[in-house]
2 protein chains.
Amino acid sequence: MPEGEYDLLRLENQLCFPLYVCAKEVVGKYRPLLDALGITYTQYIAMMVLWERRSVRAKELGEMLFLDSGTLTPMLKKMEAKGYVTRSRDPGDERSLIVAATDEGMALREKAKEVPYRVGSCIPLSPEDALALQGILGRMMASFRAERSPSPMLLPVS
Amino acid sequence: MPEGEYDLLRLENQLCFPLYVCAKEVVGKYRPLLDALGITYTQYIAMMVLWERRSVRAKELGEMLFLDSGTLTPMLKKMEAKGYVTRSRDPGDERSLIVAATDEGMALREKAKEVPYRVGSCIPLSPEDALALQGILGRMMASFRAERSPSPMLLPVS
DNA sequence: ATAATTTTAATTGCATACAATTTAATTGTA
DNA sequence: TACAATTAAATTGTATGCAATTAAAATTAT
């Protein structure tokens, strides 16, 4: 077992690198399938939210997807141009953007139904590993979410 | 246990989504640390290869990092502009680009030594989960690599 | 009520990523 | 040897992603 001075800087000793690679590769598996629907992966996860709720405030969508306005704004405008969503202001708070699925956007859901099966079939993962992975990543993502929303258990000092 | 028609299209039932989010979040943890070195995460993993080998063909680097020339070419030019690598053609095959670390690039290794510790400390993962994750992602990445290099066990037909 | 603060999107700038194409060099073949 | 096929980078075009800033609306404090 090597334990050199720079051992933790070796690519094969990283945890982050396989995470980065696997995420890219898996997202890449969606590409040909989503091409058929005319959407990208980022647009797909946004539509998942809308398929469930029909509409959502941009702020909340960003929190759910871990994306900020710099990514969401242009992406949602593209989705609007494609006719899958509408963008409108909340009359009660003109700062907020309401994103809603159009009928055409809702119709995509039917075409997307096969996607999870087809992607699953080309992810090289045993059922046990898939289950374990889901658990680990789920806990990890929950921690990240908690970091972002610092619940103020105590009053701020001063 | 809900099993609706569209249940596999719910965000919370995805395996890919937490993978995508966790990869982004973890890479994000590197950002402030690598800012101090003047490099990005992609540049960091490229330097990891060069710190070990001093030089590598661009083709091989792309295979190791799962990146193509469309990503590598501009990134390596930036690294060259920063003085961390040199780009030169292989005299034996003018198509190949040889990427080599400069002394300054090699010196970055010393400054980077702390990075893995500091990142590790802010990744919300138990030691057991980290170990399991490394195993699962390692197997997964190996499968993706195998997909890419189709070892021709049999002669092609015709 | 008015000013200061906060909140939410939008914008700007920079760095990936990847598909598809192009260019140059090399190899295989008739 | 010519010529076709292959290979490796580079280029082009599109879509993220995120930090930092800006702009507008709403809230809070005075």
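A brief look at the structure comes next. Note that the structure is a prediction, hence the values are computed from the model and not measured.

## Here we look at the interface of chain B and chain A
As a measure of interface size, the accessible area lost when the parts come together is often cited. Residue-level contacts link 60 residues of chain B with 60 residues of chain A. In total, chain B and chain A occlude about 5900 Å² of area from one another, counting both sides; carbon and sulfur atoms represent 71% of this. Our count for the contact surface shared by chain B and chain A stands at ten salt bridges. A salt bridge links D129 of chain A to R139 of chain B; the nearest nitrogen and oxygen atoms lie 3.0 Å apart. Our enumeration of links across chain B and chain A arrives at 16 residue pairs in polar contact (both at pLDDT 80 or more). When residues of the side of chain B that touches chain A are traced back to their parent elements, those giving at least two are α1 (16-35), α2 (41-53), α3 (58-65), α5 (103-112), α6 (115-120) and α7 (127-148) of chain B. Residue composition of the side of chain B that touches chain A, grouped by class: 41 nonpolar, five polar and 14 charged.

## Regarding the relation of the copies chain B and chain A
The transformation that overlays chain B on chain A combines an axial shift of 0.0 Å with a rotation of 180°, and the residual RMSD is 0.0 Å. Within this description, the copies of the chain are treated as partners about a two-fold rotation axis. The fraction of interface residues of chain B whose copies in chain A are also interface residues reaches 100%, indicating that both copies meet through the same surface.

## Section: α5 of chain B
Residue and element names in this part refer to chain B. Among the residues of α5, those classed as buried are G105, L108, R109 and A112. One side of α5 holds all its buried residues, which, seen down the axis, span an arc of 110°. Away from its buried face, by an angle of more than 90 degrees, α5 presents the exposed residues D103 and K111. Where the residues of α5 are buried, they touch α2 and α6.

Cut-off values and rules
Residues numbered from 1 in each chain as written. Chains lettered and ligands numbered in written order. Predicted model: local features only at pLDDT ≥ 70, side-chain atom pairs only at ≥ 80, totals over all residues. Heavy atoms only, no water. Contact = heavy atoms within 4.5 Å. Buried area = accessible area lost by both parts, 1.4 Å probe. Salt bridge = Lys/Arg side-chain N within 4 Å of Asp/Glu carboxyl O. Polar contact = N/O pair within 3.5 Å; in protein donor to acceptor, adjacent residues only side chain to side chain. Helix = DSSP H or I, 4+ residues; strand = E, 2+ residues; numbered from the N terminus. Nonpolar A, V, L, I, M, F, W, Y, C, P; charged D, E, K, R; others polar. Least-squares fit on C-alpha atoms with pLDDT ≥ 70 in both. Buried < 20%, exposed > 50% of the residue type's maximum accessible area, 1.4 Å probe, protein only. Arc of directions from axis to C-beta.

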